[in-house]
Amino acid sequence: MSSIIQLLPDHVANQIAAGEVVQRPASVVKELLENAIDAGASDIKLICKEAGKVLIQVIDNGKGMSVTDSRLCFERHATSKIRQAEDLFDLHTKGFRGEALASIAAIAHVEMKTKQDQDELGTHIIIEGSKFVSQDVAVLPKGTSFLVKNLFYNIPARRNFLKSDIVELRHIIDEFHRVALAHHNIHFTLYHNGSELFNLPQSNARQRIVNVFAGKTNEKLVPIKESTDILTISGFIGKPEFAKRNRGEQFFFVNDRFIKSGYLHHAILAAYDGLLRDGAQPSYFLYLTVPPHTIDINIHPTKTEIKFDDEHALYAILRSAAKHSLGQFNVSPILDFERDFNLDTPYNYQNKGAETPTIQVDSNFNPFQEDKKHNQFSYKPKSENQPHWESLYVGLNADVSDVHFESEAVTSSLFSENEVEKAPTSTYQIHKKYIVSPIKSGMMIINQQRAHQRILYEKFLKNITLEQASSQQLLFHLTLYFSANEIKLIKEIKQSLENTGFVFEEINKDSVVISGLPVKVFESEVSIVLEQIVSDLQDEIPDSNFSQMDSMAKSLAKSLAVKTGTYLTEEAQENIVNKLFACKEATISPFNKTTFITLSVEDLDKKFNV
């Protein structure tokens, strides 16, 4: 029997590897930005067109590459970061696998220009689908320019799986944020379709966070700092009152590398125990420094998962440091009944030394000198006779002999005997979750939250597409703060929001001013509703305009629907029942969940074995 096992060609192997390394345009952005950082660049520009599907270009002023290195860097497992397996446990660079550039070159048109400082001329290389097209010398500035065009041009199935431009751009911005926040000493710039989205100059960590997220970010940051033998923590956590419902501003950096860790995230939530409203997520920007030999980064090609030697110790230290920081800045309330708040030392004065108080002496003071003013006035008590207290009751001749007191408790009813008995209710609420309504064949059990979601969904969808809803004007304008990316999305859906009843006075670069709200939307719910809409649209925003309106109507219905555990009056119960069966699709919620079930008399008889 002939042999059937054979080695795959290099270009096929590269395409298979690219499936792990390059999942979407944001993956290319991440790899190129990290290479620029490893090259020692102090100024990095990222240029994208159509969310990276057409063009991704990264320009840096790093050390560049020689002619040999510029050709060799596109080979699989070719890297300058490590030499032997032991180096994996002493990593000081972003990349180390040697797969990224080979994978990118296998599925796109790549053009690279690079030059070292000591060379007079640089190298210009063009590659299309792992095939070298040309290699020439060129006059170039110091550094490297890496240009990726037509991503997934030779894998149409992968290209069809890409989301809309807004979703893909959001993923690119997320990767850009992660790299920019980890390296605040580098100047980063991001351009998309010719417009500048971010220009982040070199700064300290706090200023970089403020430049990235804008708004009132500086007000909500609480510094955190802790140093131990196994871990050093620095960075900032957010004040509880600024917590949002989405998890957009949560960053862990281990040795300047962004990671995802549900275990460490739980440690932060434990520090906020009792301080957050239900469903809210705190913001944090935490920089952890650990010895390189105590972590294993080689877990996944994206390098966002890390294994720690002693996770339990890290959990305890991180939770204690966060709790201490919240208490130190009087963010977390303290119950100490014997503590005198007047004796507290302000945080800014804790490290200041004591100062000798200045003494002022009045040289003219004479304790034996008589004060003439004291002799001018003297107190003399009144000599008049004051009336006796018994005189207050003179003339009062009250006869209490005719006063009668109750000897028995009142037993009469609050209602008159001839009052008409109230008719029995047609609906009942069970466990503040279900509404039971009797029908001719038995009974109907309705899930109050899902039913209300269906009612609100059809109402908002009708308002958005057909007619404008009425608004309730606010006595004082309401100002809400959002990030630059969220503001851009709110501008795009502004017309649809106005059709639902929102009235925007103005939209600035980091805030929106609202002067009117939809009917039955309370002022305290506005920030929650808008955050939910922005979060839902960012996660799954479709291409078509109608689908975008549909997603927004679903988000509004989910935010404003009556929740499980809410008590409903009989009138509210009947209102939900009547409006539910006036809907076009009463059987399911907007999220394809069953809204009600029916139990016939026969079903009940079977339960009782009748």
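Our structure is the block above this text.
A. Region of the structure containing the overall build of the protein. Looking only at helices and strands, the protein features 18 helices and 22 strands. When each of the 610 residues of the protein is scored for burial, the buried share is 42%. By sequence separation, contacts in the protein at least 24 residues apart represent 68% of the contacts at least 6 residues apart. If you sum the accessible surface of the protein, you get close to 36,900 Å²; carbon and sulfur atoms cover 51% of it.

B. Expanded view of the side chain of S437. Relative to the elements of secondary structure, S437 occurs in strand 17 (residues 434–439). Owing to a relative accessible area of 9%, S437 belongs among the buried residues under this scheme. When residues no more than four places from it in sequence are discounted, the contact partners of S437 are S426, T427, M443 and M444.

C. Region of the structure containing helix 2 (residues 25–38). With 14 residues, helix 2 should cover 20 Å at 1.5 Å per step; its first-to-last C-alpha distance of 20 Å lies within 8% of that length. Most of helix 2 is tucked away, with 13 of its 14 residues classed as buried. The first or second residue beyond helix 2 is G40, which carries a positive phi of 80°.

D. Main features of the sheet that holds strand 13 (residues 284–289). Ordered in space as 9-10-13-11-12, the five strands form an open sheet in which the pairing is mixed. Either end of the sheet is taken by a strand with one partner, and the two such strands are strand 9 (221–227) and strand 12 (257–259). The sheet shows a mean angle of 20° between the axes of neighbouring strands, taken without regard to direction. In this sheet, strand 12 lies alongside strand 11 (residues 250–254) in antiparallel orientation, the contact comprising three bridges. Within the sheet, the bridge partner assigned to V254 lies in strand 12 and is R257. Contacts between helix 6 (residues 165–182) and the sheet are confined to strand 11, strand 12 and strand 13, with strand 11 contributing the most and set at about 50° to the helix.

E. Representation of the environment of F596 in the model. Topologically, F596 is positioned in strand 22 (residues 596–600). Sequence-wise, F596 and Q448 are 148 residues apart; in three dimensions their C-alpha atoms are separated by 8.9 Å. Residue contacts for F596: discarding those within four places in its chain leaves M444, I445, I446, L580, F581, A586 and T587.

F. Structural detail: the packing of helix 12 (residues 448–465) against helix 17 (residues 570–580). Look at helix 12 against helix 17: their axes get within 9 Å of each other, and the N-to-C directions meet at 55°. Judged by the inter-axis angle, helix 12 sits oblique to helix 17. The handedness of the crossing between helix 12 and helix 17 is left-handed. In contact with A451, R454 and I455 of helix 12, helix 17 contributes I576, K579 and L580. In terms of residue class, the contact of helix 12 with helix 17 is made up of four nonpolar, no polar and two charged.

G. Summary view of the packing of helix 9 (residues 262–271) against helix 10 (residues 311–328). Where helix 9 meets helix 10, the axes come as close as 8 Å, and the angle between the chain directions of the two elements is 30°. Note that helix 9 runs across helix 10; the crossing there is right-handed. Of the residues in helix 10, those touching helix 9 at Y263, L264, H266, A267, I268, A270 and A271 are E311, H312, L314, Y315, L318, R319, A322, K323 and L326. Its residues assigned to classes, the contact of helix 9 with helix 10 shows eleven nonpolar, two polar and three charged.

H. Fine view of the sheet that holds strand 20 (residues 503–507). Reading across the sheet, the three strands line up as 19-21-20 and stay open at both edges, with antiparallel pairing between neighbours. Of all the strands in the sheet, the pair left with one neighbour each is strand 19 (471–481) and strand 20. The sheet shows a mean angle of 15° between the axes of neighbouring strands, taken without regard to direction. Taken together, the seven bridges between strand 19 and strand 21 (residues 511–518) define a ladder with antiparallel strand orientation. Paired with S471 across the two strands is P518, which belongs to strand 21.

I. Region of the structure containing the nonpolar core. Counting residues in hydrophobic clusters, the biggest one holds 57 residues, and the most contacted among them are L32, I44, L46, F74, V148, L181 and F188. Of all the elements, helix 6 adds the most residues to this core, at eight residues. Residues I493, I514, I533 and L556 belong to the second largest nonpolar core, which totals 33 residues.

J. Quick peek at the pairing of strand 10 (residues 232–238). The element strand 10 is largely enclosed, with a buried count of five among its seven residues. Relative to strand 10, strand 9 runs antiparallel, the two being bridged by seven bridges. Bridging across to strand 10, V222 finds its partner in I237. In this antiparallel pair of consecutive strands, strand 9 and strand 10, the connection spans four residues. Two strands pair when backbone bridges link them, and strand 10 and strand 13 are joined in this way by six bridges, in the antiparallel orientation.

K. Structural context of the packing of aromatic side chains. One pass over the structure, following the stated rule, counts 15 aromatic pairs. Relative to F285, the ring of F251 lies with its centre 5.6 Å away and its plane at 15°, an arrangement referred to as stacked. Of this pair, F251 sits in strand 11 while F285 sits in strand 13, and the two are 34 residues apart along the sequence. F285 matches F251 in its accessibility class, with the two residues each being buried.

L. Spotlight on the side chain of S283. Structurally, the position occupied by S283 is in the loop between helix 9 and strand 13. With a relative accessible area of 9%, S283 lands in the buried category. A polar atom in the side chain of S283 sits 3.3 Å from the side chain of E249. Apart from the residues lying within four places of it in its own chain, the contact partners of S283 are K220, I237, G238, E249 and Y272.

Reading the values: rules and limits
Residues numbered from 1 in each chain as written. Predicted model: local features only at pLDDT ≥ 70, side-chain atom pairs only at ≥ 80, totals over all residues. Heavy atoms only, no water. Helix = DSSP H or I, 4+ residues; strand = E, 2+ residues; numbered from the N terminus. Buried < 20%, exposed > 50% of the residue type's maximum accessible area, 1.4 Å probe, protein only. Contact = heavy atoms within 4.5 Å. Areas by Shrake-Rupley, 256 points an atom, 1.4 Å probe, with all protein chains shown as cover. Expected span 1.5 Å × (residues − 1). Pairing = 2+ DSSP bridges. Axes fitted to C-alpha atoms, helices over the stretch in contact; angles between N-to-C directions. Parallel < 35°, antiparallel > 145°, perpendicular 65-115°, else oblique. Left-handed = near helix turned anticlockwise from the far one by under 90°. Nonpolar A, V, L, I, M, F, W, Y, C, P; charged D, E, K, R; others polar. Core = buried A, V, L, I, M, F, W, Y, C linked by side-chain atoms within 4.5 Å. Phe/Tyr/Trp six-rings, centres within 6.5 Å; stacked < 30°, edge-to-face > 60°. Polar contact = N/O pair within 3.5 Å; in protein donor to acceptor, adjacent residues only side chain to side chain.

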